[in-house]
Structure formats: structure tokens, C-alpha cells
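# Geometric and topological summary
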Amino acid sequence: MAAVRRTGGWGAGRLAELPGCVVTICSIERNGLFLVFDTLSDRLSTAFKNLRGKGKLTDADIDATTREIRIALLEADVALPVVKEFIGAVRERASGADVRGGLNPAQQVIKIVNEELVKILGGETRELRMAKRPPTVIMLAGLQGAGKTTLAGKLAKWLKEIKHQTPMLVAADLQRPNAVTQLQVVGERAGVPVFAPEPGNGIGNPVDVARKAMEEAKAKQHSVVIVDTAGRLGVDEELMKQAADIRDAVSPDEILFVVDAMIGQDAVTTAQAFLDGVGFDGVVLSKLDGDARGGAALSISHVTGRQVMFASNGEKLEDFDVFHPDRMASRILGMGDVMSLIEQAERTFDADAAAKTAAKLQKKGGKDFTLDDFLAQMQSVRKMGPLTKIFGMLPGAAQFKDQLENFDEREIDRIEAVIHSMTPAERADPNIINGSRRARIAKGSGTEVATVGGLVERFFEARKMMSAMATGKGMPGMPGMPGMPGMGGGKRAKQQAKKGKAKRGSGNPAKRANQATNQPAEPAPGQLPAAFGGTAAGGDDFELPDALKNMLDGK
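Reading guide: rules and limits
- Within any chain, residue numbers begin from 1 and follow the written order of that chain's sequence.
- Per-residue local features are limited, in this predicted model, to residues with pLDDT of at least 70; the limit for side-chain atom pairs, both in listing and counting, is 80 or more; totals at the level of whole chains, interfaces and linings are taken over all residues.
- Side-chain numbers here rest on the full set of heavy atoms in the structure, without hydrogens or water.
- Secondary structure elements follow DSSP: runs of H or I of four or more residues count as helices, runs of E of two or more count as strands, with numbering from the N terminus.
- Buried means the residue's accessible area, taken with a 1.4 Å probe over protein chains only, is under 20% of the maximum for its type, while exposed means over 50%, and partly exposed covers the values in between.
- Using the Shrake-Rupley algorithm and a 1.4 Å probe, accessible areas are obtained, with residue cover drawn only from the displayed protein chains.
- In this analysis a 1.4 Å probe is tested at points of a 1 Å grid over the protein atoms alone, and where it fits but cannot get out there is a cavity; an open set with protein on both sides within 12 Å along at least five of seven lines is a pocket; lining residues have an atom within 4 Å of a point.
- Grid points are joined across faces, edges and corners, and a volume is the space filled by probe spheres set on the points.
- Each residue receives one of three labels: charged for Asp, Glu, Lys and Arg, nonpolar for Ala, Val, Leu, Ile, Met, Phe, Trp, Tyr, Cys and Pro, and polar for the others, Gly being one of them.
- Take a side-chain nitrogen of Lys or Arg and a carboxyl oxygen of Asp or Glu: if they are within 4 Å of each other, that pair is a salt bridge.
- Two strands are said to pair when DSSP picks up at least two bridges between them.
- Between two residues, a contact is recorded if the distance between any of their heavy atoms is within 4.5 Å.
- For helices, the axis comes from a line fit to the C-alpha atoms of the stretch in contact; other axes are also lines fit to C-alpha atoms, and the angle between any two N-to-C directions lies between 0 and 180 degrees.

## Comments concerning the overall build of the protein chain
- When helices and strands are counted, the protein chain shows 26 helices and eight strands.
- In the protein chain, which comprises 555 residues, the proportion classed as buried is 49%.
- Accessible area for the protein chain stands at about 26400 Å²; split by element, carbon and sulfur atoms hold 50% of it.

Put into C-alpha cells, the structure is as follows:
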């Protein structure tokens, strides 16, 4: 893992600082995009494919594309008023003279759709409002089963580790059986104290518990208080009254409505009922890793006028983060989420160790980068979460969707077993691993000899690729990929380009004509080169080189 630092712009060079060696050697195989958007993402991709290769947008093109987008949104269970407004905005902008005369309609429409998606998802990222005088009080509300109690622990852990606060959880859900016990268990896992003076299971007054919690927080100097309230199977007056009484008792700085992203349009109806009855300041989406259609996530902010502030996409306490509308729109459109990936890496990797690894990749063609370094890198990457989610954040991950869906996390355990079965000398120099050594390693790791040989071969290929990227030479075998900015070698590459002479054409007229035909066409004004997302000559899509495809497929 190369060093990750907040210096310079976030351009293509930052991709070279991600765990590409691990990505390559593991033979990527569930998409890290939140699963509720999988179908929507696929349908939108299909709609945009029909625009590729077209020189200009016609009215028929716009009608066909917006029709496909409308169907995709409705199938994703997005609220009808939201769909109508969204399609109207896209159609109006796509019909503009500046776009109609554009040379790359697909890119223009994707840009418009992306911007409109960001709008309906809430626009800008909204942060928590912290009280000027602690403690900051956060009240969680929502239906039973929405995931409030687990989310309370996730929020507390996030506040403790990321925001460096001293949170306290309050067990004010005294109706649901074992709700207090569950919060205590979650609090213990998160390393956060839980205020639970009542046993729950129908015993105790939640309003009194909330009041006492405020006194406890001030006495123990907790900076944040998170109040977990009771839910119901449906919206009713008793639920609303209790939530309103707790709100009046603690005067929360933020009331967060927790909504299950899997319940579709009911989520929007419930949110509106809570907004009218109790009021809330922000929305938290839970269960975004489910396989429902996810239209609630696209509708709720637009319908209620309250932004989505956090998203939960897993059962672990770490599966929680701030909701960024622009990044979510990028994921839905299959463009990845590199910023979130980099932020995760910054929180996980040791900067000094990462810098040493980067230095090894930049010298001697990366030969100093050993299997020990790779093992340490892989173990650090695993701390970031499931590899399928990490891979899904990379741009273009959608094209490997089938492999991601079939990926077995135990493959990483097998790789670790193989490396641990090697001697220190073999890990330092894999070239010495001959047939008898492979047999011994395979026996020690419980794998096949072919598995050991394949791992070593893929390690060499990955090391070569990462070394080339780290030194600014670009991706081996990938035409049109320049040196990565900020990774060194850029100036050297320019000097070499000046020294080099243009290759002369063949003296044979037939050969010379053939060479001219095979020359990559220069991009037209306003059109991106193929290597940077533009369309290649003839409208063909950019293809990865065979060597890289084989590595990604584990061949």
C-alpha cells in the first residue's frame, strides 16, 4: 500500500495509491455498491449504452433515454412525484442547444443525470449540529425493526473514533422485549457506556429515564448523549406522544429518523407521518446492504425536505458512515467512490509503513517488495472491511459484477496460509521456489501445487504493474495511459518524449496506408481521449489489455 496523504489534487494519481497489488493478486470476484441500488444501476447503464457512438442528440434519442430512466426509477420504487420532477429536469437540460450540439452525447447525459441525482439525494453533505455547551443530545426515532438500537451503537462508535467525542447511550426503549439488554451489548462492543436505570420489558417510564440521563451525562462529562427510543409496528398516537414527550424532556439538538431502506414507499409515508407528528432534523438509512429496490433512499429526502445524514450498510458496527449525495450518485451510475475509499484507507493504514512500501515499489523495478510486504498490505486492507465492498468503490467495478458476486472471502485466508507456509527466504525471494518447494508449501498450507505456482506468478505480475504505476510509467500494456501525476516520473517522461523522434512510415505505400488506418484517431474538440473515458474511434469501448484481464480473472 503506497502512502496516502492529503496533498495535491485527487486525480488519477490517487488511484495508484490504493491497494492495487492486493486487488490484482486476489483475482477480483459482491459489488461494493449498496445492494439496494444494484438493479437501478444496471438499468441506467443499459439506457446510456444506447447513446454511445452517436454524434448528436436528437429528440428521439432524448425520448428513448428518458423513457428508460423513468422505467428504471419506477422499478426501483422511487416515489412517482420524484420521478416526474427528475425526468422533467433531465429532459429540459438534455434538450438544451449546448448539449444537442455536443460531440459526446452519452457523457453529457450522464453528467446531467448525475447532477440531478445529487439534487434528489439531498444536494450537499449535512454534518451533525453539535451543541455549543455539551452535551449534544441526539434522539433516534422510527418504527420497530428499523434498526435503531444497532444504529445507536454504530453512531456512538463513529462519534468516539472519528469525531473523538465521549458519547453515552440511553436505553429509553422500555417496551420491546430485551431492548435494554441489546443496547447494553451493543454499547459494550462499541466501547461506550450505557445509561439503563430500568430493566425494560414494559417496566419503567422512558421520559423519566431520558431526564435522568441528562443529569448523568453532565455529572460524568459526556460530550454526546444518544437516546434510543421505542418503536412500533406502525405509526400510532401512543408512539407519537411518547416520542414527543421525550423530545420535550431532553430538548435534543438533533432528532434523527431511522428508516429501513428495504420497505419501499412505506418508508416515505412513515417519514412524513413522523415529520408531521414529532418532527425530525435528519434521516438515517439502515439496511442498505439488503436486496430490496431502494427507492426510499432516493425519495425520502426530496419528499420530506430533510437530508439523509448517515447510511448503514452492514451488520457490523463499522458498517456506518456519513451519507454523501454526490458519492452515492456516482456509485449508482457505476463511477465508483474513490474519495470514500481513500478516506477508509487513511483511517486504516499506518502512514510510515505505507511510505516504506511505496519506496520499495519505486526502486529497482519493485524487486524489494516481497511477499512479506504483500501479506502485511493484504492484512491492512482487510481491516477496511470486506474486499467486495472495497472493490465495488473502484471506478468500472460494474464490469466485474459477476466475479464480485461469486467472490469467496476465504480465498484471502488461503492466500495467507500459502504465504505463511513459506520460509523467510522464500518470502523474500520467490524466485527460489522450485518444484519441490512448491510441493512442500502446498502440503503445509493444505492447497494444491498449482495454487502455489499461480500465487507466485500473479504476485510477480502485480508487483510489476504496481511498480510501473508508482514510478509514473503508467499501466503496463495499457495504451494511452500516461504517467500518474504526483507519483514521480512525469517530468522524465516529458523529457524522453522530446528526445524521441517521430516514427517514420514504411516506404511501402500499402503498408503505410495500413499504418495510417491503425493509428488511433485524435479526439475531436470537446471529446475526451479513450483512455480517459471518451469513446474510441468508431465508437468502440476502451478494452483492458489481455494480460490485465487474465490477472483479474485469476488466470
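## Observations concerning empty space enclosed by the protein
- Here the second largest cavity is characterised by a volume of approximately 40 Å³.
- Together, L57, D61, I62, T65, T66, V90, A94 and V109 line the second largest cavity.
- For the lining of the second largest cavity, the secondary structure elements donating two or more residues are α4 (59–75) and α5 (80–94).
- The residue makeup of the lining of the second largest cavity, split by class, is five nonpolar, two polar and one charged.

## Re the pattern of salt bridges
- For the structure shown, the criterion picks out 21 salt bridges.
- Taking the shortest distance from any N to any O, the salt bridge between R129 and E254 comes out at 3.6 Å. Of the two residues, R129 is situated in the loop between α7 (105–120) and β1 (136–141) and E254 in strand β5 (residues 254–260); the sequence distance between them amounts to 125 residues.
- For E254, a relative accessible area of 0% corresponds to the buried category.
- Among the salt bridges present, the one from R427 reaches D372, with a minimum N-O distance of 2.7 Å. One end of the pair, R427, is in helix α21 (residues 424–428); the other, D372, is in helix α17 (residues 371–382), and 55 residues separate them in sequence.
- R427 sits in the buried class, given a relative accessible area of 14%.
- Through salt bridges with shared partners, a single network forms among R93, K111, E115, E116 and K119.

## Examining the sheet that holds strand β6 (residues 282–286)
- Taken together, the eight strands give an open sheet; going across it, the order is β3-β2-β4-β1-β5-β6-β7-β8, and neighbouring strands pair in mixed fashion. The open sheet is flanked by β3 (194–195) and β8 (320–322), the only strands paired with a single partner.
- Across five bridges, the pairing between β5 and β6 is parallel. Of the residues in β6, the one forming a bridge with F257 is V283.
- Strands β1, β2 (167–171), β3 and β4 (224–228) of the sheet are contacted by helix α10 (residues 206–220), whose axis makes an angle of about 160 degrees with β2.
- The sheet contacts of helix α12 (residues 265–277) involve β1 and β5, and relative to β5 the element is tilted by about 155 degrees.

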